[in-house]
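Fold and geometry: a report
Next come the chains, spelled out residue by residue.
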2 protein chains.
Amino acid sequence: MSNGLVVVGSVALDSVEANGTVHDDVLGGSASFFSTAASYFAPVKLVAVVGEDMPEEHLQFLGKRGVDLLGLERKPGKTFRWKGRYSADLSSRESLDTQLNVFADFKPKLPDAWRDAELLFLGNIHPSLQLDVVTQVKKPRLVAMDTMNFWIGGEPQALARVLERVDLIVINDEEARELSHEHNLPKAARAIRAMGPKTVIVKRGESGALLFHEHGVFAAPAYPLERVVDPTGAGDTFAGGFMGYLARVRDVGPQAVRRAMFYGSVMASFCVEDYSLDRLRTLTDGEIEGRYRAFRDLTHFEDVRL
Amino acid sequence: MSNGLVVVGSVALDSVEANGTVHDDVLGGSASFFSTAASYFAPVKLVAVVGEDMPEEHLQFLGKRGVDLLGLERKPGKTFRWKGRYSADLSSRESLDTQLNVFADFKPKLPDAWRDAELLFLGNIHPSLQLDVVTQVKKPRLVAMDTMNFWIGGEPQALARVLERVDLIVINDEEARELSHEHNLPKAARAIRAMGPKTVIVKRGESGALLFHEHGVFAAPAYPLERVVDPTGAGDTFAGGFMGYLARVRDVGPQAVRRAMFYGSVMASFCVEDYSLDRLRTLTDGEIEGRYRAFRDLTHFEDVRL
């Protein structure tokens, strides 16, 4: 995959309150988490927009991780900002402030050299923009997307048009239910598969993730962690580990997708161990392999028939 | 295990409203679900009490399943009755009526010949009764228990004394949190293990079950079912499949316990497919093996290292 993996999404400045402390102006946004996680497996190309207030150190961090920033626009004005607060048990969060800023007029534009991308991930942005990006790539092997309740409720028609064009959707359980009007997750996944994406991955937080595709169903557990610090970006980090692994092995077949689910879970399990993407700043390949083995042990048993 | 598996718990008449229909006076109770599920793997001995209103056909059903009813008392009066209604999505239920009836004065008494039981399961009854039963067995290889919020909140001291005497507890996530005062499940399990049971199994409904013991942690998924009819008894059925499998293989080592988690999940996945324990009336060994293979496929992938 010469022009392997492209992601379009948000690069943001977050203010997050969790576990009783506030972290202001930390690096956030779906594309930041995604590309940092993916960078551990394969080079990744980022399409996003930031304002003049984005500290250079954040962009330097992404660059040092091997994230190609050719598709990152810098516009006059302020960067997309999100402020949120988690409940004491981290099971829910409240958005205190969302400022689109330069993101309001974002028109994602792939550099010409990236139009032959083999893997494309459409982070959680307006479905019309997601569709526009899909039309900019020539002949991708796999197009995956994320979305959120805001677009499911507010832009159903635009969303329907993107869904027809993607191979895979990564979505959380509540979003899957809202999109399909089905409470039962296997039924919800079947309904969503009928909308376009042949593969549906349903993220369930600390209950792990489920994969539904023509080869059946697959369950990846979440790693039971004693210490969870900040869940922000865990879903995007899962998607980054997942897509990064597929780019690394240059395979989008059913077995590769199952392994990719585990690597996505591995990366998400690290993400939540510290604020922002701080845990992903110091992560080593050895730690990733160690956690992967721990995940294997979590579900492995010697099969002895009755 | 000559005197293999003994269960003490309730045999009840349930009235259940789920999926818009009401089923009155169906066979229910923790020991009924447990022993029916376990009977697919090994003979099981039942200690419980019923009143004069218990239809003979229910007891004949248990007898035909190979459940030894020598320890089943028949008392004047009415059988323990529970009436409940599930929410439309089956994710919560409301108890409409609970009548202890003959269960109010239940003094479980093991037949002498059963005192050398190797495996003992203490269904969800008053912890003082659970403790009394523990003292009646001579030298069991494994004693397991269930409990519920009602006893955790109302009888903490009696519960603490049982916990000190058991090897394993099967408990749902909310009960684990209440018992340990820890929201985080790995922390909760660690706290509960410090109370006595070396092995803690946390049931999480459609998110599967987690096993915590000295050999680490293990996750068994729930099978993603499109058709769930009645969740009543799923937890007891899980416990029955789990303990029944251990009795069958005469092994309580860490690998056997992991496989037992899967067989417990298999049996629970059948249980919820019909009202009461109706699905367990017609189940075949072939169906159990087929679902077990489906569970294996649900978590299995070819391991290729990076």
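Further up the page is the structure itself.
Let me begin by describing the structure that accompanies this report. (Residues numbered from 1 in each chain as written. Chains lettered and ligands numbered in written order. Predicted model: local features only at pLDDT ≥ 70, side-chain atom pairs only at ≥ 80, totals over all residues.)

**Description of the relation of the copies chain B and chain A**
A rotation about an axis combined with a shift along that same axis relates the two copies of the chain. Applicable threshold: Least-squares superposition of the copies uses the C-alpha atoms of those residues scoring a pLDDT of at least 70 in each of them. Throughout, a pair of residues is in contact if the C-beta atoms placed from their backbones lie within 7 Å.
When chain B is fitted to chain A, the best match, at an RMSD of 0.0 Å, comes from turning it 180 degrees and sliding it 0.0 Å along the axis. With respect to symmetry, the two chain copies, as superposed, fit the operation of a two-fold axis. Closest approach to the rotation axis among the C-alpha atoms of chain B is made by Ser207(B), whose C-alpha sits 2.7 Å away. In this assembly, 97% of the residues forming the interface of chain B have copies in chain A that are likewise at the interface, indicating an isologous arrangement.

**Overview of the environment of Ala191(A)**
Inclusion rule: To qualify as a helix, a DSSP run of H or I must reach at least 4 residues; to qualify as a strand, a run of E must reach at least 2; elements of each kind are numbered from the N terminus.
Following the sequence through the fold, Ala191(A) ends up in helix H7 (residues 185-193). Placed 15 residues apart in sequence, Ala191(A) and Ala176(A) show a C-alpha to C-alpha distance of 9.4 Å.

**Considerations on the pairing of strand E6 (residues 81-86) of chain B**
The side chains of a regular strand alternate, residue by residue, between the two faces of the sheet. All names here are of chain B. Let me state the cut-off plainly: Strands were regarded as paired on the criterion that DSSP finds at least two bridges between them.
The pairing of strand E2 (residues 12-18) with E6 spans five bridges and is classified as parallel. Bridging from a neighbouring strand, Ser 15 pairs with Lys 83 of E6. Judged from the six bridges that link them, E6 and strand E7 (residues 93-99) form a sheet pairing that is antiparallel. Looking at the pairing, Arg 85 lines up with Glu 94 of E7. Linking E6 back to E7 in an antiparallel pair, the connection comprises six residues, with Leu 90 at a positive phi of about 65 degrees.

**Some details on the interface of chain B and chain A**
Basically, it comes down to this: Each residue is assigned to one class: nonpolar for Ala, Val, Leu, Ile, Met, Phe, Trp, Tyr, Cys and Pro, charged for Asp, Glu, Lys and Arg, and polar for all the others, Gly among them.
Taken together, the contact pairs 31 residues of chain B with 30 residues of chain A. When grouped by side-chain class, the residues that make up the side of chain B that touches chain A number 14 nonpolar, six polar and eleven charged.

**Here's the deal with the environment of Gln255(B)**
This is how it is decided: Here a residue counts as buried when 20 or more other C-beta atoms fall within 10 Å of its C-beta, as exposed when 12 or fewer do, and as partly exposed in between; the C-beta atoms come from the backbone.
Note that Gln255(B) resides in helix H9 (residues 254-271). A residue is classified by how many C-beta atoms lie within 10 Å of it, and Gln255(B), with 15 of them, is partly exposed. For Gln255(B) and Lys187(B), which are 68 residues apart along the polypeptide, the C-alpha to C-alpha distance reads 23 Å. The contacts of Gln255(B), once residues within four sequence positions are left out, are Phe301(A) and Glu302(A).

**Side note on helix H11 (residues 285-299) of chain B**
Convention followed: By definition here, a helix of n residues has an expected span of 1.5 Å times n minus one. What the arc measures is the spread of directions leading from the helix axis to the C-beta atoms.
For H11(B), spanning 15 residues, the distance from its first C-alpha to its last is 22 Å, which sits close to the expected 21 Å at 1.5 Å a residue. Among the residues making up H11(B), those that are buried are Phe295(B), Leu298(B) and Thr299(B). Each buried residue of H11(B) sits inside an arc of 80 degrees when the element is viewed along its axis, so together they form one side. Opposite its buried face, H11(B) presents the exposed residues Gly286(B), Gly290(B) and Arg296(B), each directed more than 90 degrees away. Here the buried face of H11(B) lies against strand E13 (216-220) and helix H11 (285-299) of chain A together with H9 of chain B.

**As for the packing of helix H3 (residues 127-136) of chain A against helix H5 (residues 156-163) of chain A**
All names here are of chain A. This is how the line gets drawn: As a rule, the C-alpha atoms of each element are fitted with a line to give its axis, helices using only the stretch in contact, and angles between N-to-C directions run from 0 to 180 degrees. The cut-offs work like this: below 35 degrees is roughly parallel, past 145 is roughly antiparallel, 65 to 115 is roughly perpendicular, and the gaps in between are oblique. Working rule for handedness: look at the near helix, and if it is turned counterclockwise from the far one by less than a right angle, call the crossing left-handed; if clockwise, right-handed.
At a minimum axis distance of 8 Å, the contact between H3 and H5 shows a crossing angle of 25 degrees. Judged by the inter-axis angle, H3 sits roughly parallel to H5. The crossing of H3 and H5 is left-handed. Packed against H3, whose contacting residues are Pro 127, Ser 128, Gln 130, Leu 131 and Val 134, the element H5 presents Ala 158, Leu 159, Arg 161 and Val 162 at the interface. Partitioned by chemical class, the residues of the contact of H3 with H5 number six nonpolar, two polar and one charged.

**Description of the environment of Glu175(A)**
Residue and element names in this part refer to chain A. Its location among the elements puts Glu 175 in helix H6 (residues 173-180). Remark: the alpha-carbon pair of Glu 175 and Phe 150, spanning 25 residues in sequence, is separated by 9.5 Å. Residue contacts for Glu 175: discarding those within four places in its chain leaves Thr 147, Met 148, Asn 149 and Ile 152.

**Some details on the sheet that holds E7(B)**
Residue and element names in this part refer to chain B. Strands sit in the order E3-E2-E6-E7 across an open sheet of four strands; the sheet is mixed. Because the sheet does not close on itself, it has two edges, and the strands there are strand E3 (21-28) and E7. With strand direction ignored, the average angle separating the axes of adjacent strands in the sheet is 15 degrees.

**Describing unusual backbone geometry**
In this structure, Ser276(A) takes a positive phi of about 50 degrees despite not being glycine. Topologically, Ser276(A) is positioned in the loop between helix H9 (254-271) and helix H10 (279-282). A positive phi angle is found at Asn101(B), which is not glycine, with a value near 50 degrees. Residue classification places Asn101(B) among the buried residues on the basis of 20 C-beta atoms within 10 Å.

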